[in-house]
Amino acid sequence: MYAPRDVPGNYIQQADQILAGMFTRNPDVTGITFPAPYGRAAHTATPDDPHVLPHDRALTAIMDARQRSEITPDEMIAQIRQAGA
């Protein structure tokens, strides 16, 4: 499965849910490594951290805060850029 870094909507969250399900249904799978684009380090999702992107936990928190109107769209963008740096 390939999930690009800059996808709109909640595709990354859906991919994270698929990963979590894969780890749950297949306990022999201990990690799935995603290639390193643009010179960044590769990322390995694990049963304890089933995320496509290394900064997914931060992204999820930022997006949830935006959905609750706790931050503005501009604040969300700035925080996402900072989390991905």
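Residues numbered from 1 in each chain as written. Predicted model: local features only at pLDDT ≥ 70, side-chain atom pairs only at ≥ 80, totals over all residues. Heavy atoms only, no water.

Here we come to the confidence of the model for the chain. With 87% of its residues at a pLDDT of 70 or more, the chain shows a mean pLDDT of 82. Per-residue pLDDT, averaged within each element of the chain, yields its smallest value for helix 2 (residues 56–67) (83) and its largest for strand 1 (residues 32–34) (91). (pLDDT = per-residue confidence, 0-100. Helix = DSSP H or I, 4+ residues; strand = E, 2+ residues; numbered from the N terminus.)

Below, the discussion takes up the environment of Asn26. Position of Asn26 among the secondary structure elements: in the loop between helix 1 (11–25) and strand 1. By relative accessible area, which is 37% here, Asn26 ends up partly exposed. It is 9.9 Å that separates the C-alpha atoms of Asn26 and Pro47, two residues lying 21 residues apart in sequence. (Buried < 20%, exposed > 50% of the residue type's maximum accessible area, 1.4 Å probe, protein only.)

Inspection of every chain in the model, using the stated rule, returns 1 salt bridge. One salt bridge in this structure joins Arg68 and Glu70, with 2.8 Å as the shortest N-O distance. In this structure Arg68 comes out as partly exposed when scored by relative accessible area, which is 49%. When its relative accessible area of 51% is taken as the criterion, Glu70 is described as exposed. (Salt bridge = Lys/Arg side-chain N within 4 Å of Asp/Glu carboxyl O.)

For helix 1, with 15 residues, the first-to-last C-alpha span of 21 Å sits near the 21 Å given by 1.5 Å per residue. Three or more residues of helix 1 are buried, namely Ile12, Ala15, Asp16, Leu19, Gly21 and Phe23. Buried residues belonging to helix 1 abut strand 1, strand 2 (43–45) and helix 2. (Expected span 1.5 Å × (residues − 1). Contact = heavy atoms within 4.5 Å.)

In this section: the side chain of His51. Structurally, the position occupied by His51 is in the loop between strand 2 and helix 2. At 3.1 Å, the side chain of His51 and the side chain of Asp16 are in polar contact. Setting aside residues no more than four positions away along its own chain, His51 makes contact with Asp16, Leu19, Phe34, His43, Ala45, Asp56 and Arg57. (Polar contact = N/O pair within 3.5 Å; in protein donor to acceptor, adjacent residues only side chain to side chain.)

This part is about the environment of Val29. Among the secondary structure elements, Val29 is positioned in the loop between helix 1 and strand 1. Taking the C-alpha atoms as reference, Val29 lies 8.3 Å from Pro47; in sequence the two are 18 residues apart. Once you skip the residues sitting within four places of it in the chain, Val29 turns out to touch Phe23 and Pro47.

Where helix 1 contacts helix 2, the two axes come as close as 11 Å, and the packing angle between them is 130°. Regarding the angle of helix 1 to helix 2, the classification is oblique. The crossing of helix 1 and helix 2 is left-handed. Note on element contacts: helix 2 touches helix 1 through Asp56, Thr60, Met63 and Asp64, opposite Ile12, Gln13 and Asp16. When grouped by side-chain class, the residues that make up the contact of helix 1 with helix 2 number 2 nonpolar, 2 polar and 3 charged. (Axes fitted to C-alpha atoms, helices over the stretch in contact; angles between N-to-C directions. Parallel < 35°, antiparallel > 145°, perpendicular 65-115°, else oblique. Left-handed = near helix turned anticlockwise from the far one by under 90°. Nonpolar A, V, L, I, M, F, W, Y, C, P; charged D, E, K, R; others polar.)

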